[in-house]
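Working through the structure, step by step
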Amino acid sequence: MAENKTKPTAASIETYLASRANEQQRSDCAELMALLKKITRQEPKMWGPSIVGYGSYKYTYESGRTGEAPLAGFAIRGRELVLYLMVEGASQQALLSKVGKHKFGKACLYFKQLADLDKAVLEKLIVGSIAEVKKQYG
């Protein structure tokens, strides 16, 4: 089985942001980093070449595949930012419908800028996502 590419590295978050983010994204990333640090009480680490992650959890899928992933994290994907969230259940779905201008796929909340989102709702989504991860994976 192939080794997971998404694992903690010693790469510099500042270098990653400087190489990928435009001015608006740098500002939004700084705000996201402050929010994720406040919620997780963890210092950020690079996961793989392009994810800024906070905390970690170990998972095992039904297929038997195991790995480790950040409890919460984000990345820059071109002109969009992506926040990795587990959105399970009616209350999380309701929050997702109220968060603002975004696209959502599997576990990825895509948005162009933080100003498009309701930050109070976003914080609740992140807190709910972390609670769901801990419930499912311990």
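Look up: the structure comes first, before these words.
What comes next is a walk through the structure. (Residues numbered from 1 in each chain as written. Predicted model: local features only at pLDDT ≥ 70, side-chain atom pairs only at ≥ 80, totals over all residues. Heavy atoms only, no water.)

**Digging into the packing of helix α3 (residues 89-98) against helix α4 (residues 119-137)**
Close contact between α3 and α4 brings their axes to 9 Å; oriented N to C, the two are set at 150°. Considered as vectors, α3 and α4 are oriented roughly antiparallel to each other. Crossing angle aside, the handedness with which α3 passes α4 is left-handed. Listed contacts from α4 to Q92, L95, L96 and K98 of α3 are V121, K124, L125, G128 and S129. Taken together, the residues of the contact of α3 with α4 break down into 4 nonpolar, 3 polar and 2 charged. (Axes fitted to C-alpha atoms, helices over the stretch in contact; angles between N-to-C directions. Helix = DSSP H or I, 4+ residues; strand = E, 2+ residues; numbered from the N terminus. Parallel < 35°, antiparallel > 145°, perpendicular 65-115°, else oblique. Left-handed = near helix turned anticlockwise from the far one by under 90°. Contact = heavy atoms within 4.5 Å. Nonpolar A, V, L, I, M, F, W, Y, C, P; charged D, E, K, R; others polar.)

**Digging into the pattern of salt bridges**
For the coordinates displayed, the defined rule picks out 6 salt bridges. Here K103 and E80 are joined by a salt bridge, their closest N and O atoms 3.4 Å apart. Residue K103 is found in strand β8 (residues 103-105), and its partner E80 is found in strand β7 (residues 80-84); the two are separated by 23 residues along the sequence. Looking at E80, the relative accessible area reads 15%, which means it is buried. The shortest N-O distance in the salt bridge between K135 and E132 comes to 3.8 Å. Of this pair, K135 and E132 both sit in helix α4, 3 residues apart, which is roughly one turn of the helix. Note on E132: relative accessible area 14%, which makes it buried. (Salt bridge = Lys/Arg side-chain N within 4 Å of Asp/Glu carboxyl O. Buried < 20%, exposed > 50% of the residue type's maximum accessible area, 1.4 Å probe, protein only.)

**Examining the sheet that holds strand β3 (residues 51-54)**
One key point about sheets: their strands pair by backbone hydrogen bonds, in either a parallel or an antiparallel sense. Strand order in the open sheet made by the 7 strands is β1-β2-β3-β6-β7-β9-β8, with antiparallel pairing throughout. For this open sheet the edge positions go to β1 (8-9) and β8, each flanked by a neighbour on one side alone. Looking at chain direction, β7 and strand β9 (residues 108-111) are connected through 4 bridges and run antiparallel. If you follow L83 over to β9, its bridge partner there is L109. In the packing of helix α1 (residues 13-20) onto the sheet, contacts are made with β2 (44-47), β3 and β6 (72-77), and the angle to β6 comes to roughly 30°. (Pairing = 2+ DSSP bridges.)

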